[in-house]
Amino acid sequence: GLGPDNGAPRREFDVLIGPLQILNQAVLDQVALRAGVDDLHLVQRLKEAVARLPVYDHRSRVVGWLGWQPSRPAFTQVMQSAPAIALGLAMCLIGFTALLTWLMRSNSALAVSRSTSEFLAMHDPLTGLANRVMFEKKLKAALALEYVAKTKVAVVSLDLDRFKEVNDTLGHGAGDQLMQEVARRLSLTLPEEATLARLGGDEFALVHPGIVSEGHADWICDSLINAFETPFVLSGLEVEVTASLGVALEEGGKLDASEMMRRADLALYSAKLSGRNRFEFYDPGMDRSRKDRRLLQAELRDALCRREGLFLMYQPIYDAQGGGMVGAEALVRWEHPSKGRVPPDLFIGVAEESGLIHQLGLWVLEEACRYAARVELPWIAVNVSPVQFRDPALANKILDLLGRYQLSASRLQLEITEGVLLQNSTSVQAALQKLRSAGVCIVLDDFGTGYSSISYLRTYSIDKLKIDRSFVGMIGKDAAIESIVRAMIEMSRSLHMEVTAEGVEEDQQRDALVQLGCDHLQGFLLSRPMNGPRLAQALSDVRSAA
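Residues numbered from 1 in each chain as written. Predicted model: local features only at pLDDT ≥ 70, side-chain atom pairs only at ≥ 80, totals over all residues. Heavy atoms only, no water.

## Brief notes about the pattern of salt bridges
Next up, step 1: Under the criterion given, the structure shown has 27 salt bridges.
Next up, step 2: Across the pair Lys272 and Asp159 runs a salt bridge, and its minimum N-O distance is 3.0 Å. A residue pair is termed long-range when its members are at least 10 positions apart, and Lys272 in helix H7 (residues 257–273) and Asp159 in strand E6 (residues 152–160) qualify at 113 residues.
Next up, step 3: With a shortest N-O distance of 3.8 Å, Glu251 and Lys254 are connected by a salt bridge.
Next up, step 4: Put simply, Arg307, Glu366, Glu367, Arg370 and Arg404 are held in one network by salt bridges that share partners. (Salt bridge = Lys/Arg side-chain N within 4 Å of Asp/Glu carboxyl O. Helix = DSSP H or I, 4+ residues; strand = E, 2+ residues; numbered from the N terminus.)

## Here's the deal with the packing of aromatic side chains
Next up, step 1: Counting across every chain of the model gives four aromatic pairs.
Next up, step 2: Both rings, one in Tyr314 and one in Tyr371, keep their centres 4.4 Å apart while their planes meet at 20°; by these two values the pair is stacked. Of this pair, Tyr314 sits in strand E13 (residues 310–319) while Tyr371 sits in helix H10 (residues 357–374), and the two are 57 residues apart along the sequence. Here the two residues Tyr314 and Tyr371 agree in accessibility, since each one is buried.
Next up, step 3: Seen in terms of ring centroids, Trp334 and Phe347 are 5.7 Å apart; in terms of plane orientation they differ by 85°. Their pairing is edge-to-face. Of this pair, Trp334 sits in strand E14 (residues 325–336) while Phe347 sits in helix H9 (residues 344–354), and the two are 13 residues apart along the sequence.
Next up, step 4: The side chain of Arg185 reaches across the aromatic face of Phe232, ending 3.8 Å from its centre. (Phe/Tyr/Trp six-rings, centres within 6.5 Å; stacked < 30°, edge-to-face > 60°. Buried < 20%, exposed > 50% of the residue type's maximum accessible area, 1.4 Å probe, protein only. Lys NZ or Arg CZ within 6 Å of the ring centre and 35° of its normal.)

## What to know about the pairing of strand E7 (residues 195–200)
Next up, step 1: Along E7, five of the six residues are buried, which leaves the element largely enclosed by surrounding structure.
Next up, step 2: Counting the residues between successive antiparallel strands, the hairpin from E7 to strand E8 (residues 203–211) contains two residues, one of them, Gly201, with a positive phi of roughly 60°. (Pairing = 2+ DSSP bridges.)

Spelled out as structure tokens, the structure:
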């Protein structure tokens, strides 16, 4: 019911349960304890309770509600787990952020790596120039392009002269530095439409479309040659380096890329044979010349195998003061069965290019030693090519020949060029030292025509110098040259070396050399080269006269 009917004022929510109980908070607490609920209380408005139960009076009217807080195990669990969940979410967020950052960086690094790979696939890593792949691509594009005006495509093959000597002398680091500086200079010389590439080693190539005339190509090649006029500074030293160029010039579409490159390389080969530090345009005659050299190479190989057509001539060398014969230089000659006498410079050059010089050089040494052992010649001089010193067993082979023919080592003189010294190789030094220790005399031939250096003479302990005929020929005609010859002789004296002057053809030259203190003389004025029997007879005549 709603409370007693005795007229006493009723308190809010005092409700009877049964005839004697008043539904107050104490009772509700007991009910809540028995029912196992929390926070059981009377509520007046429906929305004030989450869980509720209506309370009726004796007339079945709702006079209020019993409300309580229902049990929420999931919510409780969530609340208890909230810190761990929050920490987990934070860690996930951090991990996701880190992953996203890593993916972005990896993508950026991959893009850079891809870009670098693409660059290296088309460029030389040392110089940054285009490589062979890029060059061939540019060349093919230039040849396939249709031009409005009638122009040509120029392909230039460029090679440094004596680059190996620089590399061997100053080291590979200086060689790399030289390549970078060459690339820089050439790049500054060329217009934007030209593509410059490094094909490998000291080989460069250029493709230039839109050439209007051969004069235009001449101007470009002159600019490339002029880029080498200023010495290069390598490892703190000034080094003079030159280049040789070969040019192929043709209208686009007439030739393919490989033929253009072949022609440029052939022209480069011709430029090197013609003296280096120059350029030449391809000419069909070069193909014939190259074919002839290949044929000559095959014929020389056959002559060496058959030992036919090759023979030695001997040019006597005389004492400058007394006039007597002190020795002779062995000179190889080749009598071709159909071509006649082949110039030595030609077939020796072919032998060096093909590697036949090893076989030819040993043949000359053997013939000279055999001859010297038979005649009473004080000593025999034999030229040795720089290429032969690439054979590490050369010194042993020479000493074996001396032993085979029982020729004293002091009766053999080996004439080498400065190219041998410039190799600056420990194996070359060891070979020369081994030969000198055995008693063989080492002669520096053509002194003054190359990279003459006193340091080389001291390092390799040269025994004798030969003044080149180009200097001897100017004695009496050029006072400056004569002063140079005098300085050469005085330097040789200070280094305890003998001096031979070659190419003596006039009395004035002989007299001047004698006055300057030269030790030995050689030349047409004194004697032309002669065969073995004639030299033997000349020696016999000298002994008879004595």
